[in-house]
Amino acid sequence: MSTELIKVKTDEQVGIITLNRPQVLNALNLQLIDELVNELERMDQDKNIRVIVLTGNSKAFAAGADINEMAEESAISIMQKDQFAVWDRMSLISKPIIGAISGFTLGGGCELMMNCDMVIASETTLIGQPEVKLGVMPGAGGTQRLVRAVGLRKAMEMLLTGDPITADQALAYGLVNKVVPVEAYYNEAIKLAKQIAKQPPLAVQLIKKAAHKAEDLTLTEGMQYERNCFYLLLASEDRKEGMQAFIEKRKAHFQGK
Ligand code: DAK
């Protein structure tokens, strides 16, 4: 559901969420994060949606947490609001999330981007974790996910200087999937989302789950997890349809069953 702070629409089987605080470069206040996470969870339950695209505008995906709001917080007030728990709910979304990013992607914006499973960036994107310049540090996974994504040395440079990297650097670091001209980043993300939306949804969701486990588990544990997911998919109608369609040389019709 669209609100003042997020715009929501559907294109075929793709759910699209647009951050909508352009006057402050989509700074992420508590209300916006709350509405965003609620909508992600709603889309995750919506049978008509198979892939989610998360975007901002060409000037900013998001310039970080709302500094005006954060300036009022104390350690105790932040703890009592349990803001971290809201962010944690994002990593439980089972459908793929594709980030369509452009412009400032800083602090919490970078962390939000790293919550996406794939990222299409415009050439004008700037990605960074500038928290150090404010006397704080990333609070929504910046030190953890960035190190896993780009390695310790590059992450350390970004985290300790606070300086942003360009889209091309982010591509070279493996932090984004593709860089395209600013006029094309949104459509490119939708195109990718529609391609994945055609795949069997159960397989897509279990692949996402298993791939994320690779960040947490040992190889032996991860292989076991993968195997269990594999068994589960063998029991699905979609795998019968997928294999039958191959044998009959026709297009498969997947229903997510
Ligand atoms: N918060 C609030 N307002 C912001 C903002 C932000 N992060 N970023 C920009 N704005 C506002 C500006 O104040 C300005 O508002 P007006 O003055 O027009 O009222 C408007 O957006 C346009 O910005 P500028 O005039 O500054 O535009 P420029 O093009 O000159 O500069 C900039 C763009 C992105 C370089 C600059 O705005 C900037 O440095 N922004 C701050 C970037 C930043 O430091 N971001 C990191 C914030 S710390 C947590 C989860 C997450 C986090 C923490 C805790 N928990 C779960 C507890 C994350 C922390 C952060 O992200």
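Before reading on, note that the structure itself is shown above.
The following refers to the structure shown. Because the structure is predicted, anything quoted here is derived from the model rather than measured.

**Re the pattern of salt bridges**
Within the structure shown, the criterion is met by 14 salt bridges. Across the pair Lys194 and Glu12 runs a salt bridge, and its minimum N-O distance is 3.7 Å. Taken together, the positions of Lys194 in helix α9 (residues 185-197) and Glu12 in the loop between β1 (6-11) and β2 (14-19) put the pair 182 residues apart, joining distant regions of the chain. In this structure, a network of salt bridges that share partners links the residues Asp11, Glu12 and Lys194.

**A closer look at the packing of helix α10 (residues 201-213) against helix α11 (residues 219-234)**
At a closest axis distance of 10 Å, the pairing of α10 and α11 adopts a crossing angle of 175 degrees. Considering their axes alone, α10 and α11 lie roughly antiparallel with respect to each other. Every residue of α11 that contacts α10 at Leu202, Ala203, Leu206, Lys209, Ala210 and Lys213 is listed here: Tyr225, Cys229, Leu232 and Leu233. Looking at the contact of α10 with α11 residue by residue, the classes come out as 8 nonpolar, no polar and 2 charged.

**Points about the site of the ligand**
Neighbouring the ligand are 22 residues; Ala63, Ala65, Ile67, Gln83 and Gly108 lie closest to it. In this structure, a nitrogen atom belonging to the ligand sits 2.9 Å away from a main-chain N or O atom of Ala63. About the coverage of the ligand: the protein hides 65% of its 1100 Å² of free accessible area. The element contributing the most residues to the shell around the ligand is helix α4 (residues 83-90), with 3 residues. Class assignment for the residues of the shell around the ligand results in 14 nonpolar, 5 polar and 3 charged.

How each quantity is defined
Residues numbered from 1 in each chain as written. Predicted model: local features only at pLDDT ≥ 70, side-chain atom pairs only at ≥ 80, totals over all residues. Heavy atoms only, no water. Salt bridge = Lys/Arg side-chain N within 4 Å of Asp/Glu carboxyl O. Helix = DSSP H or I, 4+ residues; strand = E, 2+ residues; numbered from the N terminus. Axes fitted to C-alpha atoms, helices over the stretch in contact; angles between N-to-C directions. Parallel < 35°, antiparallel > 145°, perpendicular 65-115°, else oblique. Contact = heavy atoms within 4.5 Å. Nonpolar A, V, L, I, M, F, W, Y, C, P; charged D, E, K, R; others polar. Near = heavy atom within 4 Å. Polar contact = N/O pair within 3.5 Å; in protein donor to acceptor, adjacent residues only side chain to side chain. Areas by Shrake-Rupley, 256 points an atom, 1.4 Å probe, with all protein chains shown as cover.

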